[in-house]
Amino acid sequence: MLIDTHAHLDDKQFDADRDETIRRAFESGVKRIINIGAGLGSSRRSVALAEKYENIFCSIGLHPHYFMEYGEKSFDKILEFKALASSKKIVAIGEVGLDYFIHDGSLITEAQKDLQKKGFTLQLEFAKELKLPVILHCRGSQPIAPSAYREADDAYEDVLAIVSRFPDLTFVWHSFGGRLNFTEKLLIRKNYFFSFSGNITYNKSNAEIFSVIKKIPIEKIMFETDCPYLAPVPMRGKRNEPLFVKYVAQKVGEVKNIDSKHLAKMVADVFYLG
Ligand SMILES: [Zn+2]
């Protein structure tokens, strides 16, 4: 069953043709879509979208940059955020995590990291209360000069340190881009899943990401578009949409040498999508 486990159909890029885009996906074999919240507004819109379409489910979550933007004030919003959780179509908390990439090229400060960590942890506690799986967003600092890279900037290790304190929760590492040795650490644990997006199709065939994909058992792999972003080859550069999740599945099938028909059944169980 082909599922787009990570879409942002509430994005304004779909305002002109949202319904057609959704219809196109379902008519072409996509069975379920999970629309992802990445702030208070988008969580609200995700719930509304899921309430409207039978086969759209959703997550609610506050993206790590949300806590940098609103600072301490963002913690007052947590109550408003929790009030959204009554919909039966909510299947996960996310996307939540740590994002150390600053768009103006500067290095993230320790205070900014602390804000993100606090916001992340609060939402994990909420996921635990609701017994919901968590969709993780994780991005390292990628400073312009590689020489400026410091181990301490490694968001992946910091996310792992925090999620390790929640052994009962299920985690999906969204648009996964961890190194091979880091992936090996995650595979020891039963409660981690990995979702791949269109950016895997941008890589040269010898890229480390393909060793990572080979290493992960197929039962732990999910597919996503992260639309409207990250359109896979051959649609790269265009607006992405759930229909294109098939190209991500094909690529993973190619890498693992499995017919993509067989891989397309997938992890509906993690989210209880039926
Ligand atoms: Zn996303």
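Scroll up to find the structure this text is about.
What this report covers is the structure whose coordinates are included nearby. (Residues numbered from 1 in each chain as written. Predicted model: local features only at pLDDT ≥ 70, side-chain atom pairs only at ≥ 80, totals over all residues.)

For the rest of this paragraph, the subject is the overall build of the chain. A tally of helices and strands in the chain yields 10 helices and eight strands. In terms of overall dimensions, the chain has C-alpha extents of about 45 × 45 × 35 Å along its principal axes. Within the chain, the fraction of its 274 residues that count as buried is 43%. (Helix = DSSP H or I, 4+ residues; strand = E, 2+ residues; numbered from the N terminus. Buried ≥ 20, exposed ≤ 12 C-beta atoms within 10 Å, placed from the backbone.)

Take the sheet that holds strand E3 (residues 56-60) next. Consider a sheet: its strands pair through backbone hydrogen bonds, and that pairing is either parallel or antiparallel. Read from one edge of the open sheet, eight strands run E1-E2-E3-E4-E5-E6-E7-E8, paired in parallel fashion. Edge positions in the open sheet fall to strand E1 (2-7) and strand E8 (221-223), since each of these has one partner strand only. Averaged over neighbouring strand pairs, the angle between their axes works out to 30° when direction is ignored. Two strands pair when backbone bridges link them, and E1 and strand E2 (residues 30-35) are joined in this way by four bridges, in the parallel orientation. Its bridge partner lying in E2, Ile-3 is registered against Arg-32. (Pairing = 2+ DSSP bridges. Axes fitted to C-alpha atoms, helices over the stretch in contact; angles between N-to-C directions.)

Turning next to helix H5 (residues 110-130). In this model, H5 (21 residues) spans 30 Å end to end at C-alpha, consistent with the 30 Å of a helix rising 1.5 Å per residue. In the segment just after H5, Lys-131 is the residue with positive phi, at about 55°. (Expected span 1.5 Å × (residues − 1).)

Here we come to the environment of Arg-24. As for its position among the elements, Arg-24 is in helix H1 (residues 18-27). Taking the C-beta count within 10 Å as the criterion, Arg-24 has 14 such neighbours and is therefore assigned partly exposed. Taking the C-alpha atoms as reference, Arg-24 lies 6.9 Å from Leu-243; in sequence the two are 219 residues apart.

Turning to the environment of Leu-84, a few remarks are in order. Following the sequence through the fold, Leu-84 ends up in the loop between helix H4 (77-82) and strand E4 (90-99). Under the C-beta neighbour-count criterion, Leu-84 is labelled partly exposed, with 16 such atoms within 10 Å. For the pair Leu-84 and Glu-129, spaced 45 residues apart in sequence, the C-alpha separation works out to 14 Å. Once residues lying within four places of it in the same chain are set aside, the contact partners of Leu-84 are Ser-43, Arg-44, Val-47 and Ile-60. (Contact = placed C-beta atoms within 7 Å.)

Consecutive side chains of a regular strand alternate in pointing toward one face of the sheet and then the other. Burial runs high along strand E5 (residues 134-139): five of the six residues are buried. Where E4 meets E5, five bridges bridge the pair, whose relative direction is parallel. Within the sheet, the bridge partner assigned to Gly-97 lies in E5 and is His-137. Note on the crossover from E4 through H5 to E5: the handedness is right-handed. (Right-handed = clockwise from strand over helix to strand, strands pointing away.)

Turning our eyes to something else, we now look at the environment of Ala-85. As for its placement among the helices and strands, Ala-85 is situated in the loop between H4 and E4. Counting along the chain gives 77 residues from Ala-85 to Ile-162, while the straight-line C-alpha distance between them is 23 Å. Excluding residues within four positions of it along the chain, Ala-85 makes contact with Ile-60, Ile-90 and Leu-130.

Once that is clear, we can look at helix H6 (residues 155-163). Residues spaced three or four apart along an α-helix point in a common direction, a consequence of the helix completing one turn every 3.6 residues. Three or more residues of H6 are buried, namely Ala-155, Tyr-156, Asp-158, Val-159, Leu-160 and Val-163. Packing partners of the buried residues in H6 comprise E4, E5, strand E6 (171-173) and helix H7 (180-187).

A separate point is unusual backbone geometry. With an omega of 10°, the peptide bond between Cys-227 and Pro-228 qualifies as cis. One can find Pro-228 in the loop between E8 and helix H9 (245-256). Phi at Lys-131 takes a positive value of approximately 55°, unusual for a residue other than glycine. Note that Lys-131 resides in the loop between H5 and E5. The phi angle at Leu-230 is positive, at roughly 55°, despite the residue not being glycine. Tracing the chain through its elements places Leu-230 in the loop between E8 and H9.

Our focus in this paragraph is the pairing of E1. For E1, a buried count of six out of six residues is recorded, marking the element as mostly surrounded by other parts of the structure. Each parallel crossover has a hand, and the one from E1 via H1 to E2 is right-handed.

Once that is clear, we can look at the packing of helix H8 (residues 208-215) against H9. Look at H8 against H9: their axes get within 9 Å of each other, and the N-to-C directions meet at 80°. The orientation of H8 relative to H9 falls into the category roughly perpendicular. Contacts between H8 and H9 involve Phe-210, Ile-213 and Lys-214 from the former and Val-252, Val-255 and Lys-256 from the latter. Taken together, the residues of the contact of H8 with H9 sort by class into four nonpolar, no polar and two charged. (Parallel < 35°, antiparallel > 145°, perpendicular 65-115°, else oblique. Nonpolar A, V, L, I, M, F, W, Y, C, P; charged D, E, K, R; others polar.)

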